[in-house]
Amino acid sequence: MGGICDDHLLSLLRGSVPAISCSAPGKVILCGEHAVVYGKPAIAVPVLEVATKCNIFARPSAPSDEITIVAPNIGLNCKLGCLVESHPIRATLRLVLEHLQIDHLPVCEIRIHSTLPTAAGMGSSASVSVAMIRAVSTFLGHPLDNVEVNSIAFEIEKIHHGSPSGIDNTVITYAKPLFYVRSTPYEFLQVQKPMTLVVANTGIRSSTVQVVGEVKQRASSEPQKYDHLFSKIAEISLTVRKCIETGALDEVGKKLSENHILLQEIGVSCPKLDELVSCALTHGALGAKLSGSGQGGNMIALVDAEQAQNVANELKTAGAVNAVITQVPAEGKK
Ligand code: PMV
């Protein structure tokens, strides 16, 4: 690629390129978390009601090479050079420049704002990466396609989470319901009937890298038990896929609740998650479970659309700090 094309560079320097604005959604894992790290299938869906936006403004009059990063959600308002080399934001810029074979970013201000809760299993790190990769590459005049965006976002996920399965960056890049098996080509789901989910946050922050690490330790000391649990979860993901594709949502609900019990056995639930799962089931959810790495973060409930608001209200009364209602549309309907 070799550089920014002359016309684009001139427009940037004159400040006549309008502010670049790119975004990425959040996600929840419907089933298969943790098992997916061990090569089993999982299903994830985008959550479009929350998003990260990355805006970039050319600042031609600022001192040369001065890149400012403003990211209020994570308390950042600084010059790029103040971030350590391995900081995910700095690494994202480096990887995009390397990919495009461009040696530097013109003077600019990068603003990142996200409505995703952090450390809560909704993919905030992947969402920031995807929005930023899109914005930076567009700012440089070479917008990357989804395959490129996804592959760079996966590298950044490794900085955040050590050895991620790749499900978060993939569902967030493509913003489509996804059937995912690590290291194999991903497949998008043919959703037969729209699904309504309530996503409720316990308010307990949870570190994916820590929870995944603890599961790894337990799995290596009790391999038979964990192999069995991961295989049961794999069966659930296969059944859920079939049911989503045939519109058997009652069965999807049952399988999600079964998945929660297996996640309890894996040791990644917590009293607050269990309480919110029970609350959703008591108030008519078709199924409910924790979502993501667990030990805090969010739970999800599959509900009939007309019950969604009531279940969301009940979850808040039971102590959820927030409850988002999201719809997974039937294929081709949205
Ligand atoms: O980042 P979270 O909390 O959504 O968890 C990711 C899901 C795991 O399966 C626990 C880890 C992974 O890399 O897939």
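Structure shown above.
Throughout what follows, the structure given in this document is the object of discussion. Only a predicted model underlies this, so the values are computations on that prediction, with no experimental measurement involved.

Calculation rules
- Residues numbered from 1 in each chain as written.
- Predicted model: local features only at pLDDT ≥ 70, side-chain atom pairs only at ≥ 80, totals over all residues.
- Heavy atoms only, no water.
- Helix = DSSP H or I, 4+ residues; strand = E, 2+ residues; numbered from the N terminus.
- Rg over C-alpha atoms; globule rule 2.2 N^0.38 Å.
- Buried < 20%, exposed > 50% of the residue type's maximum accessible area, 1.4 Å probe, protein only.
- Contact = heavy atoms within 4.5 Å.
- Areas by Shrake-Rupley, 256 points an atom, 1.4 Å probe, with all protein chains shown as cover.
- Lys, Arg positive; Asp, Glu negative; His and termini not counted.
- Charge placed at Lys NZ, Arg CZ, Asp CG, Glu CD.
- Pairing = 2+ DSSP bridges.
- Near = heavy atom within 4 Å.
- Polar contact = N/O pair within 3.5 Å; in protein donor to acceptor, adjacent residues only side chain to side chain.
- Nonpolar A, V, L, I, M, F, W, Y, C, P; charged D, E, K, R; others polar.
- Core = buried A, V, L, I, M, F, W, Y, C linked by side-chain atoms within 4.5 Å.
- Disulfide = S-S within 2.5 Å.

**Regarding the overall build of the protein**
Right, on to step 1. The secondary structure content of the protein amounts to 10 helices and 11 strands.
Right, on to step 2. Whereas a compact globule of 334 residues would reach a radius of gyration of roughly 20 Å, the protein reaches 21 Å, a difference of no more than 12%.
Right, on to step 3. Dimensions of the protein, computed from the C-alpha atoms along their principal axes, are close to 60 × 45 × 35 Å.
Right, on to step 4. Counting only residues that meet the buried cut, the protein has 53% of its 334 residues in that class.
Right, on to step 5. Counting only contacts in the protein whose residues sit at least 6 apart along the sequence, the fraction spanning at least 24 positions is 74%.
Right, on to step 6. Put simply, the protein shows about 14,100 Å² of open surface, and 52% of that area lies on carbon and sulfur atoms.
Right, on to step 7. Of the charged side chains in the protein, 28 are positive and 31 negative; the average position of the first set lies 2 Å away from that of the second.

**Notes on the pairing of strand β1 (residues 20–31)**
Right, on to step 1. Counted residue by residue, β1 has 10 buried out of 12 residues, so it is predominantly covered.
Right, on to step 2. One ladder, built from 11 bridges, connects β1 with strand β2 (residues 42–58); its direction is antiparallel. The partner of C31 across the bridge, within β2, is I43.

**Digging into the site of the ligand**
Right, on to step 1. Taken together, 15 residues sit near the ligand, with K27, H34, S165, T208 and S293 positioned nearest.
Right, on to step 2. Here an oxygen atom of the ligand sits 2.9 Å away from a polar atom, N or O, in the main chain of H34.
Right, on to step 3. One nitrogen or oxygen atom from the side chain of T208 is found 3.0 Å from an oxygen atom belonging to the ligand.
Right, on to step 4. Computed on the free molecule, the ligand has an accessible area of 380 Å², of which 95% lies beneath the protein chains in the complex.
Right, on to step 5. In the shell around the ligand, the residues fall into six nonpolar, six polar and three charged.

**A word on the nonpolar core**
Right, on to step 1. Ranked by size, the top nonpolar core spans 59 residues in total, and within it L30, M299 and L315 carry the most contacts.
Right, on to step 2. With eight residues, helix α7 (residues 223–246) is the single largest residue contributor to this core.
Right, on to step 3. Beyond its immediate sequence surroundings of up to four residues, L30 is in contact with I43, A44, V45, M195, L197, V240, I244, L256, N259, K289 and I300.
Right, on to step 4. Formed by 48 residues, the second largest nonpolar core is a distinct cluster that contains L95, I112, V149 and I156.

**What to know about the state of the cysteines**
Any covalent bond linking the sulfur atoms of two cysteines counts as a disulfide.
Right, on to step 1. Counted under the stated rule, the structure contains zero disulfides.
Right, on to step 2. No disulfide involves C78; its nearest neighbouring cysteine sulfur is the one of C82, lying 5.3 Å away.

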